[in-house]
Amino acid sequence: MTKVAVGCDHGGFILKESVVSTLERLGAEVVDLGCYDESSVDYPVYGEKVARSVASGECTLGVIMCGTGIGISIAANKVRGVRAAVVTNTYMAKLTKNHNNANIIALGGRVISPDEAAAIVEAWYTAEYEGGRHQRRLDMISAIEGDK
Ligand code: RB5
């Protein structure tokens, strides 16, 4: 069973229930790393928690949410091995798995609705990485991180 880490701040909390139920419907095991209500918290904490869970192999994939998806994605992308993509529609969701092999997607609770989040998560989760010419480019990103 694919393990998916989920994390959000107060701005993304509105999407979490929809994201979790969609992932469970698709057969994933969800690891909920918080936050757990709409009290104000700091998005880097939750971006880092999900990113470290994915980078360590504890979880295979992650979904992170804040107000826009932007701040939490910036935080997550500081962790080596993470490719976190801000996604606002199903086209971006599919393409970021096909081409970027995004292991985390970032969603904005003030940008998209819970129904849109569900469709985006499904499009990304069910899409396949295409490899080939895209792998060379991912290797170039790894080189920037100092891995290759
Ligand atoms: C919190 O108010 C907000 O700044 C945060 O959720 C996010 O949108 C940051 O990028």
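Everything below is about the structure shown above.
What counts and how
- Residues numbered from 1 in each chain as written.
- Predicted model: local features only at pLDDT ≥ 70, side-chain atom pairs only at ≥ 80, totals over all residues.
- Heavy atoms only, no water.
- Helix = DSSP H or I, 4+ residues; strand = E, 2+ residues; numbered from the N terminus.
- Buried < 20%, exposed > 50% of the residue type's maximum accessible area, 1.4 Å probe, protein only.
- Contact = heavy atoms within 4.5 Å.
- Areas by Shrake-Rupley, 256 points an atom, 1.4 Å probe, with all protein chains shown as cover.
- Lys, Arg positive; Asp, Glu negative; His and termini not counted.
- Charge placed at Lys NZ, Arg CZ, Asp CG, Glu CD.
- Near = heavy atom within 4 Å.
- Polar contact = N/O pair within 3.5 Å; in protein donor to acceptor, adjacent residues only side chain to side chain.
- Core = buried A, V, L, I, M, F, W, Y, C linked by side-chain atoms within 4.5 Å.

### So, the overall build of the protein chain
Part 1 of the reasoning: Secondary structure summary: the protein chain contains six helices and five strands in total.
Part 2 of the reasoning: Ordered by position from the N terminus, the helices and strands of the protein chain form the series β-α-β-α-β-α-β-α-β-α-α.
Part 3 of the reasoning: Dimensions of the protein chain, computed from the C-alpha atoms along their principal axes, are close to 40 × 30 × 25 Å.
Part 4 of the reasoning: Split into buried and exposed, the 148 residues of the protein chain put 47% on the buried side.
Part 5 of the reasoning: Of all intrachain contacts in the protein chain linking residues separated by at least 6 positions in sequence, the fraction that spans at least 24 positions is 69%.
Part 6 of the reasoning: Per element, the accessible surface of the protein chain, about 7,200 Å² overall, is 51% carbon and sulfur.
Part 7 of the reasoning: For the protein chain, the distance from the average position of its 15 positive side-chain charges to the average position of its 18 negative side-chain charges is 9 Å.

### Some remarks on the site of the ligand
Part 1 of the reasoning: Close to the ligand lie Asp9, His10, Tyr43, Cys66, Gly67, Thr68, Gly71 and Arg110.
Part 2 of the reasoning: Separating an oxygen atom of the ligand from a backbone N or O atom of Gly67 is a distance of 2.7 Å.
Part 3 of the reasoning: Between the ligand and Gly71, the relevant distance is 2.9 Å, taken from an oxygen atom to a main-chain nitrogen or oxygen of the residue.
Part 4 of the reasoning: With the chains in place, 71% of the 290 Å² that the ligand exposes on its own is no longer accessible.

### Observations regarding the nonpolar core
Part 1 of the reasoning: In terms of nonpolar packing, the biggest core is built from 41 residues, with Val19, Leu23, Val63 and Leu107 touching the most fellow members.
Part 2 of the reasoning: The greatest single-element share of this core, amounting to six residues, is contributed by helix 5 (residues 114-126).
Part 3 of the reasoning: Residues within four places of Val19 in sequence aside, it is in contact with Val6, Val63, Met65, Leu107, Ala117 and Val121.

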